[in-house]
Amino acid sequence: MDVFHFYVFLGRLTLRRQLFSATKTPNSLARGFVSCDASMAFANTSLLSPSLYKLNPLLFSHRRRRVALSRFHLRSLKLRFLAVAASDNGVFTSPEIAKSFDFTSEERIYNWWDSQGYFKPNIDKGSEPFVVTMPPPNVTGSLHMGHAMFVTLEDIMIRYNRMKGRPTLWLPGTDHAGIATQLVVERMLASEGIKRVELGREEFTKRVWEWKEKYGGTITNQIRRLGASCDWTREHFTLDEQLSRAVIEAFIKLHEKGLIYQGSYMVNWSPNLQTAVSDLEVEYSEEPGSLYHIKYRVAGGSRDDFLTIATTRPETLFGDTAVAVNPEDERYAKYIGKSAIVPMTFGRHVPIIADKYVDKDFGTGVLKISPGHDHNDYLLARKLGLPILNVMNKDGTLNEVAGLYNGLDRFEARKKLWAELEETGLAVKKEAHTSRVPRSQRGGEIIEPLVSKQWFVTMEPLAEKALEAVKKGELTIMPERFEKIYNHWLSNIKDWCISRQLWWGHRIPVWYIVGKDCEEDYIVAKNENEALNKAQKKYGKNVEIYQDPDVLDTWFSSSLWPFSTLGWPDVSADDFKRFYPTSVLETGHDILFFWVARMVMMGIEFTGTVPFTHVYLHGLIRDSQGRKMSKTLGNVIDPLDTIKEFGTDALRFTLALGTVGQDLNLSTERLTSNKAFTNKLWNAGKFVLQNLPNRSDVSAWESLLAHKFDKEEYLVTLPLPEFWVVSKLHVLIDAVTTSYDKFFYNDVAREIYDFFWGEFADWYIEASKAHLYQSEDKEVSSTSQAVLLYVYENILKILHPFMPFVTEELWQALPNRKEALIVSPWPLPSLPRNLTAIKRFENLQALTRAIRNARAEYSVEPAKRISANIVANADVIQYISREKYVLALLSRLDTQSINFTDSPPEDANQCVHLVAGEGLEAYLPLADMVDISSEVQRLSKRLSKMQTEYDALLARLSSPKFVEKAPEDVVRGVREKAAEAEEKLNLTKTRLSFLQSTILVSE
């Protein structure tokens, strides 16, 4: 056993003894300590390997070797102190004792944050609050990537502003999800053989509340798993007493202003759910079907006088009130003004009208108008004053208007009708056709456009104020392009159907008078007692009332969410005064109209101001191929499964890399890459910790903490690598702070990633080893330790909003942590930096890259140290030569054979000449890198083989038979291979020629 390995063994033995005697650590934990190989104190530090002593004995004197090994032994003993300190509260694990970050610790860290009260706003800070109201997920929901996206982005906003010192509040909650929840409970009851109507409204509602209490917390627990730092003590549910009071207040106020009315209009009807549904709850899909061509005879004409219409829904012809053609269609001009006979209706006549709405090039150019069952026909009928016929019952069966088809299901009626049309000679043809079919998002059945009596909100006066808010700059929408969509929708807004024929939800606060017309005589009130008092004053003491059975659209209560959760209509509430309007609404761009715009309108209407100052819209999460995730495609990625495999931090970081408003393609490769980023961060923390002074070394820590990196006069005294990395850090802090403030989170993520991995880990950590392990100057070593700690802790700070778990774990492992990372202050802006230092180190980097590339090109053994002549002007030589050991370490040069000069060496023609930059060159003696004669022989053989391969490719391309008959992509591939082979051939010839000339010169 050599001296080096003896000390490793001794270090392990000592560590084991001290662990069991001093700390009395449980066996399982002790095994974790001991399994952490003591030799990792010099991980990635080849300078300390025994082979290095043989290769370059001048680099380390016997004394230096002794000092290095002594330091190594002390660091091994120090493992116990750091590890115990980092985990003394039983929550955190130090990188000193764990190979990598353990994802299972995330829940433990989260619960610790919550228990410490870190999620609550610190009102005492006194600065402007930052408030986000969470888009309430459905209480029936289960976590999907859409949730993961909004939780990630909102938590980034919250954590950043909390660290900035603002009183920060993130209000969580869930939506009662009227249709979805009722459907879930109905299915549950059906499995027990129970129907909703058999239970009655009161008992059914009771069952739904029981279900909510048992299962309603699933989604919020899953959101916690993503690291959401919400103030859970303020969690809301849209059917809470406070929010329910707000909903009733809003309805009454809108009604008092004449903005709510009752009427019969076209809605999206769900036959299975027996309710109207919003546009958002209707999903369209391209589905194969049939296009039916039917004859409509012209009244009073001959047998040859008929119009052929094409329809996908022939059963609706019983509701036809006109047949329309384009006024410019010469084929049908003679029939305009006459009447058509609707088939199978015993001769019912409808007018043949002309309207430019009809596309003469679509189908037959003839359109049946069924205003009771088509949105466009409904609008045309209202414009032209046509009557509206409804042929369908609420359950999707045909009614008495359909005559003999009364009671048949709509799809059964379609089959029967077509068969009878064929029998009577009125069926022209039936052809395959792909239709855009509307289906219920919840139930899956085909939605039926239906005229129904509902409650509506007049939107135009509300929309005007919402448009003005954006115009005046009171509301900012990101990305900006969505402003046009927002403006267009509000400028063409339709009245909003707010009633739903459900039992679960906010009951419409309207009471009717028994024996009176429902549309004319009704009472709007906060509760039944108030309604009865109003009715008695108007109709006498013996009046009887009953409440409207419908509930309000879930989106109605959700539109009040930003201010009702803060205490409205109790406007005197402290929270409302303190936190309203909220700072940001973050949500998907797919609900810009249905929810965001409505919240803006309601906020302005009821509070006099916009409910939030910024709207941040994210895109959809798609699979790696850009396809929308769906169970049908089998490409759904479960966030919880992803967290188990890659960790929450890697998932969050991946999602945050998406550009605002753009869809994000999520792939395993991206997640794997960002998991590696987490590991790299962990290993960097391990390196930093292993190279800090012992906690008990008071003087060393006093020296380390005395460094003042916020003073420009101090920075100029630093060695170049330290001067460079601190300057780059300060530039980074300003850049990411600006990007955070502008919500450019993808820029933040990339900037931090590039700095940490590409500059701190790949360059500074490696460069610091020269000062930590080679320098006999304790001050230089202390400076490197201080810079490592300073830069690393600031990286943890600026990365924390994205990757909260691993950064908090690492932060707690660092010595002298007085507070949790989640509430630590954000780095100060405009800290000193020096562009000259940055440029100088970039020159050193360029020189290092050039030498590394030359080594690779000539296949120099990794462990071999080579000579170098560095040529530059006096100024460059001065600062490069100061970092001789850094250059040697990074480029694997022999420190005793590095020459700095202002002119090329005499044997320049026997050297590899490198140009690292303007005024900075290097000459590497070739004989020091390779055995020239052997290399000439090797390249000659390689050149011969390459020439043969190249000639074969040219032969194929010169063959007319191949070029003319082979597929185009095959020919193109051969041409590309030939071009690549030619380039490599020329490079090899040049290199071989250079080596041969070197031999001649030496001879």
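Structure: above.
Conventions adopted
- Residues numbered from 1 in each chain as written.
- Predicted model: local features only at pLDDT ≥ 70, side-chain atom pairs only at ≥ 80, totals over all residues.
- Heavy atoms only, no water.
- Core = buried A, V, L, I, M, F, W, Y, C linked by side-chain atoms within 4.5 Å.
- Buried < 20%, exposed > 50% of the residue type's maximum accessible area, 1.4 Å probe, protein only.
- Helix = DSSP H or I, 4+ residues; strand = E, 2+ residues; numbered from the N terminus.
- Contact = heavy atoms within 4.5 Å.
- Pairing = 2+ DSSP bridges.
- Axes fitted to C-alpha atoms, helices over the stretch in contact; angles between N-to-C directions.
- Phe/Tyr/Trp six-rings, centres within 6.5 Å; stacked < 30°, edge-to-face > 60°.
- Lys NZ or Arg CZ within 6 Å of the ring centre and 35° of its normal.
- Salt bridge = Lys/Arg side-chain N within 4 Å of Asp/Glu carboxyl O.

**A word on the nonpolar core**
Ranked by size, the top nonpolar core spans 164 residues in total, and within it Phe760, Val791, Tyr792 and Phe802 carry the most contacts. In terms of residue count, helix α27 (residues 745–774) provides more of this core than any other element does, 15 residues in total. In this structure, phenylalanine 802 is in contact with Ile156, Asp649, Arg652, Phe653, Ala656, Tyr740, Tyr745, Val748 and Ala749, ignoring residues within four places of it in sequence. Residues Ala250, Leu475, Leu490 and Trp555 belong to the second largest nonpolar core, which totals 61 residues.

**Considerations on the sheet that holds strand β18 (residues 510–513)**
Across the sheet, three strands lie side by side as β19-β18-β20; this open sheet has antiparallel pairing. In the strand order of this sheet, the two ends are held by β19 (522–524) and β20 (545–547), each with one partner. Neighbour-to-neighbour, the strand axes of the sheet open up by a mean angle of 30 degrees, direction not taken into account. One ladder, built from three bridges, connects β18 with β20; its direction is antiparallel. Note on β20: the bridge partner recorded for isoleucine 513 is isoleucine 545.

**Quick notes on the packing of aromatic side chains**
All told, the structure shown has 48 aromatic pairs when counted by the stated rule. Ring centres of tyrosine 745 and phenylalanine 802 lie 6.5 Å apart, and the angle between their planes is 75 degrees; on these two criteria the pair is classed as edge-to-face. Of the two residues, tyrosine 745 sits in helix α27 while phenylalanine 802 sits in the loop between α28 (778–799) and α29 (804–813), which places them 57 residues apart along the sequence. What makes tyrosine 745 buried here is its relative accessible area of 2%. Sitting over the face of the ring of tyrosine 284, arginine 436 holds its NZ or CZ atom 4.0 Å from the ring centroid.

**Overview of the packing of helix α21 (residues 639–646) against helix α22 (residues 648–656)**
Packing of α21 against α22 leaves a shortest axis separation of 7 Å and a crossing angle of 115 degrees. Judged by residue contacts, Pro639, Thr642, Ile643 and Phe646 of α21 engage Thr648, Ala650 and Leu651 from α22.

**Remarks on the pairing of strand β14 (residues 448–457)**
Within a regular strand, the side chains alternate between the two sheet faces. Most of β14 is tucked away, with nine of its ten residues classed as buried. When strand β5 (residues 260–270) meets β14, the two strands line up antiparallel, connected through ten bridges. Opposite glutamine 262, over in β14, you have tryptophan 455 as the bridge partner. In terms of strand pairing, β14 meets strand β16 (residues 496–497) through two bridges, oriented antiparallel. Across the sheet, residue valine 457 finds its bridge partner in β16, namely tryptophan 496.

**Observations concerning the pattern of salt bridges**
Between side chains of opposite charge, a pair can form as their charged atoms come close. Within this structure, the stated rule accounts for 37 salt bridges. Residue arginine 159 pairs with aspartate 155 through a salt bridge whose shortest N-O separation is 2.6 Å. Note that arginine 159 and aspartate 155 are positioned in helix α6 (residues 145–163) at a spacing of four residues, about one turn of the helix. With relative accessibility at 0%, the residue arginine 159 sits in the buried group. On the accessibility criterion, aspartate 155 (0% relative accessible area) is buried. Between glutamate 249 and lysine 253 there is a salt bridge, with its nearest N and O atoms 3.6 Å apart. With glutamate 249 and lysine 253 both in helix α11 (residues 241–256) and four residues apart, this pair spans about one turn of that helix.

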